[in-house]
Structure formats: structure tokens, C-alpha cells
Amino acid sequence: MQDLEGIVSRTEIDFGGGNTATVIVIDSTCVNHSSVHQGIAFWVKHRLVGTPSWAVGQIHSFDGRTRFARRYKVIVDTHGFESEVEPDWTSFKKTERVQELFKKTTARIIEV
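Asker: Provide a residue-level description of the sheet that holds strand 3 (residues 39-44), including the pertinent values.
Answerer: Overall, mixed pairing links the five strands, which are arranged 1-2-7-3-4 in an open sheet. Sheet topology places strand 1 (7-16) and strand 4 (47-53) at the edges, where each strand pairs with a single neighbour. Adjacent strand axes in the sheet meet at a mean angle of 15 degrees when their direction is disregarded. Sheet topology places strand 3 next to strand 7 (residues 72-79); six bridges connect them, and they run parallel. Residue pairing in the sheet places Trp43 in a bridge with Asp77 of strand 7. Where helix 2 (residues 96-111) meets the sheet, its contacts fall on strand 1, strand 2 (19-27), strand 3 and strand 7, and the angle it forms with strand 1 comes to roughly 150 degrees.

Here you go:
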């Protein structure tokens, strides 16, 4: 995570009790990656949950056609949310803690 290229913003969100999320915004014009990975990628302890998308649960969906979406990638690396992940790692469980995670990360992405 420390060696990622093109980082334009890195913000820590503390949820208390050892639960944190690091919201990392990457300028894809500074890295050589395909646009197939564009979107918001949620990780739990450096492991991807589901697939990157501009949809964030039921809280907010970003339009993938916007200039921001075409240019930037977002990684949300969480700690303390292991019990909130479905057994097959395809998504998060629908819990209040996950809704709070989605709400706070969406607010941070909107700020950027």
C-alpha cells in the first residue's frame, strides 16, 4: 500500500474500537493500469471484497461516466471489519457498521 503510484489523497477514518478505514484516491493518469479496475475497491486487511464499482451499497452511487470517475480510482482499506464480510468475500453483510462505513467513505470521496 505504501508503494502505490499516483496517490492524490489518503485519509484515515476511525470508527472506534480498532475499526478503521483508509480512503486512498489514485490519479490513474499517473499509473499504467486499465480502466477495467476503475471504481471504489473495498478491502479488508488488504484483501478485496467483491469487485470495484462506483456503487457504494445503498448509500450513494457515483456516475462512472464523469470526469472524476474516468480519471480516479479509490481504495478503501479497512481493519476491524472482518466479521462484516460474507464467507465467499463477494460483498459485505448488511449491518449498521457497514452502512456507517459506506456513509463515511462516500462523504470523503465527495469531498475529494
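We are not done yet, so read on.
Asker: An account of the packing of aromatic side chains is needed here, citing residue identities and associated values.
Answerer: Tallied over the full model, the rule gives four aromatic pairs. Ring plane angle 85 degrees and centroid distance 5.5 Å describe the contact between Phe15 and Phe81, whose orientation is recorded as edge-to-face. With Phe15 in strand 1 and Phe81 in the loop between strand 7 and helix 2, this residue pair connects regions lying 66 residues apart in the sequence. Phe15 gets classed as buried once you look at its relative accessible area, which sits at 15%.

Asker: Could you give me a rundown of the pairing of strand 1, with the residues and numbers involved?
Answerer: Looking at chain direction, strand 1 and strand 2 are connected through eight bridges and run antiparallel. Its bridge partner being in strand 2, Gly16 is matched across the sheet by Asn19. Linking strand 1 back to strand 2 in an antiparallel pair, the connection comprises two residues, with Gly17 at a positive phi of about 65 degrees.

Asker: Would you mind going over the environment of Val25 in detail, with residue names and values included?
Answerer: Within the secondary structure layout, Val25 lies in strand 2. Taking the C-alpha atoms as reference points, Val25 and Ile40, 15 residues apart in sequence, are found 9.1 Å from one another.

What counts and what doesn't
- Residues numbered from 1 in each chain as written.
- Predicted model: local features only at pLDDT ≥ 70, side-chain atom pairs only at ≥ 80, totals over all residues.
- Heavy atoms only, no water.
- Pairing = 2+ DSSP bridges.
- Helix = DSSP H or I, 4+ residues; strand = E, 2+ residues; numbered from the N terminus.
- Axes fitted to C-alpha atoms, helices over the stretch in contact; angles between N-to-C directions.
- Contact = heavy atoms within 4.5 Å.
- Phe/Tyr/Trp six-rings, centres within 6.5 Å; stacked < 30°, edge-to-face > 60°.
- Buried < 20%, exposed > 50% of the residue type's maximum accessible area, 1.4 Å probe, protein only.

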